[in-house]
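Listed below are the residues making up each chain.
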Amino acid sequence: MNYKPTRLGFGEGLKEIAVKNKNIVALGAADITSSVSVDLFADAFPERFYSLGIAEQNIMGVAAGLAMAGKIPFVATYGVFAALRTTDQIRISICYNNLPVKIGGAHAGISVGPDGATHQALEDIAVMRVLPNMTILSPCDATQAKLAVIAAVEQVPGPCYIRFGREAVPDFTSPELPFMVGKAQIMREGNDVSILSTGHLTFEALEAAKILANKGINARVINFHTIKPIDENLIIKTAEKTGAIVTCEEHQIFGGFGSAVTEVLAKNYPVPVEFIGMNDKFGESGQPEELMQKYGMKADTIIKAVEKVLIRK
Amino acid sequence: MVNINELEAKAKIIRADVIKSLAEAGSGHLGGSLGLSDVFVSLYFHILSHKPSKPDWENRDRLILSIGHVAPVFYASLAHAGYFPVSELMTLRKLGSRLQGHPGKEHGLPGIELSAGSLGQGLSVAVGLALGAKADKKTWRVYSIHGDGELQEGSIWEAAMSAAHYKLDNLTALVDRNNVQIDGKTSDVMEIEPLADKWKAFGWNVLHCNGNNIKEIIQTYEKAKMHKGSPSVIIAKTKMGKGVKSIEADYTWHGKPPKIEQVESFLKELE
């Protein structure tokens, strides 16, 4: 298995789409241009790159202004700062004006590791999800991150938040797998239970499904690279088909991807649900793997959640 | 040649419409709108290069109103410039109106560049526009309008720093220096002086004018246009409530409208 950070996919996608689309510009924020791999773009197109320093509020407004001047600005910084420090700028200057600003929420989730709670974005999906006009993409590996960046330009006319991480994670999808914004992907078939996942936890969900199969439980695994607009159709269909659901995300359970799924279920086809994610806590320092284990975001906890939800089915 | 008398007459008409539309709305900010009437007339009837019949004309100058709460004077200026019928001013702040309490583009009013009203954001957007214009070698200019109380927002200074860093001489900001905000005198609420020194320290070309003197406003904008190498800010001294003597400089008139029964006497004071 090849391991690769999704941030690299982001940088590669940005460089590739920028060759085709001359209106794309990138804004460097908070001293992490190279660590979010926007340097690939900055090196290739120095005249289309703007360094704006550690001033996130300003950077979002500047991005809005550049979009008004006909550009497609990409801003990437830590998810905590991209989504939370600048929420008001994103809400008013970007979303209310419905401008095509593409925001990279980097180093998302607890897996940013030793930096600790201040830098672990676990609330960004919840906050971005309530903003009208916003699209949210959350690719499951580096290959898909690249496709997500291209889709953010070619398929999303307005604001877009793209979530990606710092750690190397399994790069398991094919570049041929089509990326249609708003369409979730069935990664494995099964009739007993559905595991709905976003981001790199989709790999853990597939691992869990393999082990469950040995126990005679056939889990269907669906990858949601788009959190908003959510694929309502597939959520309802899979609830009808399997009658029980487990959601997985590296994010707070409150208000996140699992909440988006259950909003659809409650209205259309209620079935028992269990949630994998952060349970209303701040993270802490530690190695990414240790943290994923401690806070229950690995295959073994997904298996337990499946067994629990099946009791209620 | 600019006919100042004509513009002054225009400012009077716009002030009257500000008073009438706010009284009809029953809420909104009177003081700042009256104080800025001369600035808006100078912009929409002389300084700005724009085509009211073609609001999306590519080479138009861009005006970013960072203080969305002075929407009444903005709307009255747009209407009298020909962007939409003057009669529509009386729908201000009403359900279904294109004239939102703070400018909202999605409601379709022609002439609005940016939906805004959350203080401290407009200068960043203006910087982005000015950067975009420079990148594409466009000749249109960017104008932004700010309140003095608004300068208490930290994001303004982030934006100020970036405008100077990129030497945006195609950007002219204007600060409505009326010395008051809703809670009282700016110097009591949170001192922003020495204001000119602050902007200078941030790398801006600082200009001053009497913001209630159309001739001075125009001359100062012309000076800003000529300046090269750094962005310009005009600190425009205005009187909140200017034109209606009985409320001039009274901060309690920052955030409220006139009552219907006050309209007649206020209009008389304008004469």
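Up top you'll find the structure we're talking about.
A short tour of the structure in this document, coming up. Remember, predicted model here, so these are calculated numbers, not experimental data.

Conventions used here
Sequence order as written defines residue numbering, which begins from 1 separately in each chain. Key to labels: chains lettered from A, ligands numbered from 1, both in the order written. Confidence filtering applies because this is a predicted model: local features only for residues at pLDDT of at least 70, side-chain atom pairs given and counted only at 80 or more, and all residues used for totals across whole chains, interfaces and linings. The basis for every side-chain value is the complete set of non-hydrogen atoms in the structure, without hydrogens or water. The secondary structure listing takes helices from DSSP runs of H or I that are at least 4 residues long and strands from runs of E that are at least 2 residues long, numbered from the N terminus. The length a helix should cover is 1.5 Å for every residue beyond the first. When a residue's accessible area, from a 1.4 Å probe over protein chains only, is under 20% of the maximum for its type it is buried; when over 50% it is exposed; and in between it is partly exposed. Here, any two strands with at least 2 DSSP bridges between them count as paired. Inter-axis angles, ranging from 0 to 180 degrees, are taken between N-to-C directions of lines fitted to C-alpha atoms, where helices are fitted over the stretch in contact. In what follows, residue pairs with any heavy atoms lying within 4.5 Å of each other are defined as contacts. Whenever a carboxyl oxygen of Asp or Glu lies within 4 Å of a side-chain nitrogen of Lys or Arg, that contact is scored as a salt bridge. In this description, a nonpolar core means a group of buried Ala, Val, Leu, Ile, Met, Phe, Trp, Tyr and Cys residues linked to one another through side-chain atoms lying within 4.5 Å. What marks off one domain from the next here is an automatic or database domain assignment.

### Quick look at helix α6 (residues 154-165) of chain B
All names here are of chain B.
Okay, step 1: Along its 12 residues, α6 runs 17 Å from first to last C-alpha, staying within 8% of the 16 Å computed at 1.5 Å per residue.
Okay, step 2: Burial analysis of α6 places 9 of its 12 residues in the buried class, which makes it a mostly covered element.
Okay, step 3: For α6, the full list of buried residues reads Ser155, Ile156, Trp157, Glu158, Ala159, Ala160, Ser162, Ala163 and Ala164.
Okay, step 4: Of the residues trailing α6, Lys167 is marked for its positive phi of about 50°.

### Some remarks on the pairing of strand β2 (residues 24-28) of chain A
All names here are of chain A.
Okay, step 1: Within β2, 5 of the 5 residues are buried, which leaves the element mostly enclosed by the surrounding structure.
Okay, step 2: The alternating pattern of β2 places Ile24, Ala26 and Gly28 on one face and Val25 and Leu27 on the opposite face, and all of these are buried.
Okay, step 3: Relative to strand β4 (residues 72-78), β2 runs parallel, the two being bridged by 5 bridges. In the sheet register, Gly28 faces β4, and the bridge partner there is Ala76.
Okay, step 4: Where β2 lies against strand β3 (residues 49-51), 3 bridges are found, and the strand directions are parallel. Across the sheet, Leu27 pairs through a bridge with Tyr50, a residue of β3.

### Thoughts on the sheet that holds strand β13 (residues 245-252) of chain A
Residue and element names in this part refer to chain A.
Okay, step 1: The 5 strands lie next to each other as β9-β11-β10-β13-β14, forming an open sheet whose pairing is mixed. Each of the sheet's edge strands pairs with one partner strand only, and the pair in question is β9 (185-188) and β14 (273-278). Neighbour-to-neighbour, the strand axes of this sheet turn through a mean angle of 25°, independent of strand direction.
Okay, step 2: Pairing geometry for strand β10 (residues 193-197) and strand β11 (residues 219-223), over 5 bridges, is parallel. Counted as the bridge partner of Val193 is Ala219 from β11.
Okay, step 3: Across the sheet, helix α10 (residues 257-268) is in contact with β10, β13 and β14; its angle to β13 comes to roughly 145°.

### Side note on helix α1 (residues 6-20) of chain A
Okay, step 1: Relative to the 21 Å expected for 15 residues at 1.5 Å per residue, α1 of chain A spans 22 Å between its end C-alpha atoms, a close match to the ideal helical length.
Okay, step 2: Every buried residue belonging to α1 of chain A is among Thr6, Gly9, Phe10, Gly11, Gly13, Leu14, Ile17 and Ala18 of chain A, and all of these are buried.

### Re the pattern of salt bridges
Okay, step 1: Under the defined criterion, the tally for this structure stands at 27 salt bridges over all chains.
Okay, step 2: A salt bridge links Glu58 of chain B to Lys138 of chain B; the nearest nitrogen and oxygen atoms lie 2.7 Å apart. Of this pair, Glu58 of chain B sits in the loop between α3 (37-47) and β1 (62-65) while Lys138 of chain B sits in the loop between α5 (122-135) and β2 (142-147), and the two are 80 residues apart along the sequence.
Okay, step 3: When its relative accessible area of 31% is taken as the criterion, Lys138 of chain B is described as partly exposed.
Okay, step 4: Via salt bridges that share partners, Glu189, Arg220 and Lys241 of chain A belong to a single interconnected network.

### Topic: the pairing of strand β7 (residues 232-237) of chain B
Residues and elements named next belong to chain B.
Okay, step 1: The element β7 is extensively covered by neighbouring structure, given that 5 of its 6 residues are classed as buried.
Okay, step 2: Pairing analysis gives 6 bridges linking strand β3 (residues 171-177) to β7, with the strands arranged parallel. When the bridges of β7 are listed, Asp176 appears paired with Ala236.
Okay, step 3: Direction of pairing for strand β6 (residues 205-210) relative to β7: parallel, over a ladder of 6 bridges. The residue bridging Val206 from the neighbouring strand is Val233, located in β7.

### Digging into the nonpolar core
Nonpolar side chains tend toward joint burial in soluble globular proteins.
Okay, step 1: With 79 residues, the main nonpolar core has Leu27 of chain A together with Leu171, Trp199 and Trp204 of chain B as its most contacted residues.
Okay, step 2: Here this core spans two domains, and each of domain 1 (3-170) and domain 2 (185-312) of chain A adds at least three residues to it.
Okay, step 3: In this structure Leu171 of chain B touches Leu123, Ala126, Val127, Ala130, Arg141, Val142, Ser144, Ala163, Trp204, Pro231 and Ser232 of chain B, once residues within four positions along its chain are discounted.
Okay, step 4: Counting residues in hydrophobic clusters, the runner-up holds 56 residues, among them Ile47, Val70, Ile112 and Ala236 of chain B.

So yeah, pure geometry; function would need other evidence.
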